[in-house]
Every structure is written in C-alpha cells, then in structure tokens.
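Here is how the chains run, residue by residue.
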Amino acid sequence: MLKSFKKGVHPAGCKDLSAGQKIERGPEPQSVWLPLSQHIGAPAEPIVAPGDRVLRGQLVAKKAEGLSANVYSPVAGTVKGVVGHITVSGKKKDHILIENDFSDESMLLPHLSEVTRESVLARVEEAGIVGMGGAGFPTAAKLNVGGRADVLVVNGAECEPYITCDHRLMLEYTDEILRGVELAMLACGAKSAVIGIEKNKPDAIAALSEKCGGNITVRALRTLYPQGAEKQLVYSCTGRVIPEGKLPVDAGVVVVNVHTAFSIHRAVDLDIPCYERVMTVSGRAVETPKNLWVKNGTPFRALAQFCGGREDCARIVSGGPMMGDSVFSLKICTGKTSSSLLFLDESESEGKVASACIGCGRCVQACPMGLSPTFIEEALFRKDFAEAKRYGASACIGCGCCSYVCPAKRFLTQSVKLAKKIIAERKI
Ligand code: SF4
Ligand code: SF4
C-alpha cells in the first residue's frame, strides 16, 4: 500500500498554468548581481576585482572554509565590483556586479579523466552545486557521508502549488536526471535509489519509470502537501523515520532534488559549473507563464518583462505560495535556489486580517510535524520560550500548513518560526 506521512493539506495546485510550457531560454540580462550567499554556510569569497573581464563559466568567488560553495559567472563581461544589493530577506547583502558584454565567450571546468567516488565528490564541490529544491545545502557535503547511507531518495515531489520546473526537467531531461542519480549514488555509496514523484505528474512518473531500472525505482506519492519536505519524503519513499533533531543520514538516507541530480550530471559529464537553473514564472497576473533557463543574478524585473508579470499585482512571491517569500522589489536577483517567481492577482492572494483564535484545532490537525501551533504562538506572546520548546517549536519545518488552514487567518507559521529562532539563539 502507498505509504504517506500523516496530516498535511491539499492546496489548489494551479500547476496547469505552466506545466505544459516547454523549458525555453530566459532573458539575457544587461548585468547580473551574483549573491555571494546562495547557499547554507559562509558566503563565498570574491577572487575578482573591478575592471576584470570574466567569461561565462569562470569562477568569481571561492568557497570559504567549512560549509560554503563556489560562485561562477553566468555571463561574459566586466566586473564592476562587490556591491551591497537588496535580497528577499529585506537586508542588503554582498553581490558581485558583472556587466554583460553579450559576447557569450565561455569556459568549462577541466574534463575529468576518470569518474570515481572521490572525483565526483570533488567535482560537485568545485562546480558549486547546492540543493536546488530550495534548501541550498552544499551538495558535496551532503553526499560525503562516509558509507553511512544505503539509500538515495530523489525528490521529484514538487508539492508546492504553481511550481513546474522540476516537472518539466523530468519530462525533457529524463536520461540526464537518471545519470545524475547514478553519479550521486556513486558519491554517497548508496546501493539503491528511490525517485519520489507526486501522483499529479503521471507523465513524469511514466517517463522515469520507463527508463530507470536495476537499483533505481520510481515511487508514485500521494498528492499531499508537504510531500517534498525531507522527513515526509523519506518516510513516504522508504518507510524510515528520521528522529527529531537528526539528519536523513542517521536513518541511512541521503536526499537530493531532481534538479540537483541534473546539475551533477552537467558538472561531471559536460564540465558545466552551477551558474544557471530552470525556474517557473507563473500566476494569474502573468501574461505568459513559462519555465525558463535563468542565469543566476538575473533581476526579477527582467523575468517580469520577459513573461509579462504585472508589478502592481496583489502579491509577488519568490518560491512557492506556501513557503516562499513575499517580494517587495523587482531589483532582487535570482540565485541557485530560486525555483519560481509568482505574480498573483486578487483571486489568488486574499488580504489577511488576523482575528482571535477560536480554538478549532485545525492547525494542530494539519501540522505534519505533530506540533500545536496555536499553543506555541500563545507561549511566544507570553515570551515563555521554554513552553514554546515543550510544544515542539524547534521541530517546525516552516511548511505553512497551519496558517493555510486557520479560519482566523493567524500568522501561525511566522510565530512558530520566530519562536524556533529565539529558542536556537538563546540555546534554550
Ligand atoms: S507549526 Fe511549522 S511544521 Fe507545523 S504546520 Fe506550522 S509551519 Fe508547518
Ligand atoms: S487553526 Fe487558528 S483558530 Fe483554529 S486553533 Fe489554530 S490558531 Fe486557533
């Protein structure tokens, strides 16, 4: 029988807007603002200076010590400098500004003489690959588990509404994704791989099932949000439970996204570092929703102009509507983890005015982590962080299910995430 995690919600998919759109080349930006922090860990360190000419595929910032990732230029052009530039968090962060000369002169990574566990791990690190499903964890560190994982789980769930970039990749680059899965298995030492795909993508399930074989299998998953969250996906694909505060590898599993697997193939077989990705631009306030190859550092405004996104729409979101960030400026630029940019009209984004909790318990029934969001919020307002911790705030995955179901429109996700942050900062 089909396993699935408990609880969760069924938001409207809205994927029909862009699911049928083949991946095409996105806009060629006049300039790119490359964030030095497109990943979890320390920002990369610039190795270029103002006036330097760089090629597409050239290293421009080196990974810092420890957890970090290299950054490559997606265009040929001239470095203007390292500048503070606005990000979705609202804070300015360091970006390398490169003016495109449109010559598209490029360079590749040196070709690997042999494909071994060590050479694949080194190449994944060199190419600056990070988790492209949204987490941004440096992939080489994730794969380097010293034989502790026997199963690789590949995330093709794409459970957030609207987003279809992974769906299109699975249809249009099926062989390349399977090759990336084999390389990831080699790197982490897994003996088998399970590709988890929600049942609302039957064509992707069919395409991968037809071509995979041996120790790689496809599992059709219930269409249930957040099926693509790490703990939920691992349970649905393998039946294994990741204990609270532990990592998938503690249950013998490594998880990579299908786009990450595709990027591993590009880096190892084609010598292309990570400087662009496929993104979905969608929503009812977009003239022509699309799935696009987008260069890292492309301003959101260029995507809005390319697809006809209305800047004065009800809400612009970077990422999915459940977990994404509201966008307040189209000057913000894309990065390695940018899966989508949504332009939502009034019918898709009702204004939220919170009222008092009516004690209906729906948030408790929906939380896939088994938490009590309403009690955590209450404890937060009382500044009783020890109590918030007792109700499990630290286990929150920020999925947004509690806010989605709350009839009082309370900002539960933000409250629980804030409680989690304070508990971590104060080491409660
Ligand atoms: S409390 Fe956290 S994990 Fe639970 S539903 Fe809300 S956002 Fe998701
Ligand atoms: S869903 Fe909203 S109204 Fe219902 S118990 Fe939770 S916080 Fe209160």
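Residues numbered from 1 in each chain as written. Chains lettered and ligands numbered in written order. Predicted model: local features only at pLDDT ≥ 70, side-chain atom pairs only at ≥ 80, totals over all residues.

Caption draft 1: View of the site of ligand 2. The local shell around ligand 2 holds 14 residues, among which Cys357, Cys360, Cys363, Thr374 and Cys406 are the closest. In terms of residue class, the shell around ligand 2 is made up of nine nonpolar, three polar and two charged. (Near = placed C-beta within 6 Å. Nonpolar A, V, L, I, M, F, W, Y, C, P; charged D, E, K, R; others polar.)

Caption draft 2: Summary view of the site of ligand 1. The immediate surroundings of ligand 1 are formed by 15 residues, with Cys367, Cys396, Cys399, Cys401 and Cys402 found nearest. Counting residues per element, the shell around ligand 1 draws most heavily on helix 13 (residues 412-425), at three residues. Taken together, the residues of the shell around ligand 1 sort by class into twelve nonpolar, three polar and no charged. (Helix = DSSP H or I, 4+ residues; strand = E, 2+ residues; numbered from the N terminus.)

Caption draft 3: Seen up close, the nonpolar core. Ranked by size, the top nonpolar core spans 121 residues in total, and within it Leu152, Val153, Val154, Val181 and Ala184 carry the most contacts. Examining the composition of this core, we find that eight residues originate from one element, helix 4 (residues 174-188), more than from any other. Mapping this core onto the domain boundaries places at least three of its residues in each of domain 1 (1-28 + 108-351) and domain 2 (362-425). With near-sequence residues (within four places) excluded, Val154 lies in contact with Val181, Ala193, Val194, Ile195, Gly196, Val256, Val258 and Ala261. (Core = buried A, V, L, I, M, F, W, Y, C linked by C-beta atoms within 7 Å. Buried ≥ 20, exposed ≤ 12 C-beta atoms within 10 Å, placed from the backbone. Domains from an automatic or database assignment. Contact = placed C-beta atoms within 7 Å.)

Caption draft 4: How the structure looks around the sheet that holds strand 9 (residues 151-155). Reading across from one edge, 11-10-9-12 is the order of the four strands in this open sheet, with parallel pairing throughout. The outermost strands of the open sheet, each flanked by one partner alone, are strand 11 (216-221) and strand 12 (253-257). Each neighbouring strand pair of the sheet contributes to a mean axis angle of 25 degrees, computed without reference to strand direction. Bridging between strand 9 and strand 12 involves five bridges; their strand directions are parallel. Directly across from Asn155, in strand 12, lies its bridge partner Asn257. (Pairing = 2+ DSSP bridges. Axes fitted to C-alpha atoms, helices over the stretch in contact; angles between N-to-C directions.)

Caption draft 5: Summary view of the environment of Cys307. Structurally, Cys307 is set in helix 8 (residues 300-307). Each C-alpha atom, one on Cys307 and one on Asn291, is 9.9 Å from the other, the two residues being 16 residues apart in sequence. Here Cys307 is in contact with Val281, Val286, Glu287, Thr288, Pro289 and Lys290, once residues within four sequence places are set aside.

Caption draft 6: Quick look at the pairing of strand 10 (residues 192-198). For strand 10, the buried fraction is high: six of the seven residues fall into the buried class. As for the winding sense of the linkage, the β-α-β connection from strand 10 through helix 5 (residues 202-211) to strand 11 is right-handed. (Right-handed = clockwise from strand over helix to strand, strands pointing away.)

Caption draft 7: Region of interest: the domain arrangement of the chain. What the domain assignment lists for the chain is domain 1 (1-28 + 108-351) and domain 2 (362-425). Taking only C-alpha atoms into account, the centre of domain 1 sits 26 Å from that of domain 2. Across the boundary between the two partners, domain 1 contributes twelve residues, which contact twelve residues of domain 2. Partitioning the side of domain 1 that touches domain 2 into residue classes produces eight nonpolar, two polar and two charged.

Caption draft 8: Representation of the pairing of strand 15 (residues 315-318) in the model. Relative to strand 17 (residues 340-344), strand 15 is paired through four bridges, and the arrangement is antiparallel. Note that in strand 17 the partner of Val317 across the bridge is Leu342. Pairing between strand 15 and strand 16 (residues 325-326): two bridges, direction antiparallel. When the bridges of strand 16 are listed, Ser318 appears paired with Asp325. The turn joining strand 15 and strand 16, which pair antiparallel and follow one another in sequence, is formed by six residues; a positive phi near 95 degrees is taken by Gly319.

Caption draft 9: Here's a closer look at the packing of helix 1 (residues 117-126) against helix 7 (residues 258-269). Two numbers describe how helix 1 lies on helix 7: the axes approach to 9 Å, and their chain directions differ by 105 degrees. Between helix 1 and helix 7, the crossing angle belongs to the class labelled roughly perpendicular. Residues Val120, Arg123 and Val124 of helix 1 form the contact with helix 7, whose own contacting residues are Ile264, Ala267 and Val268. For the contact of helix 1 with helix 7, the residue count by class is five nonpolar, no polar and one charged. (Parallel < 35°, antiparallel > 145°, perpendicular 65-115°, else oblique.)

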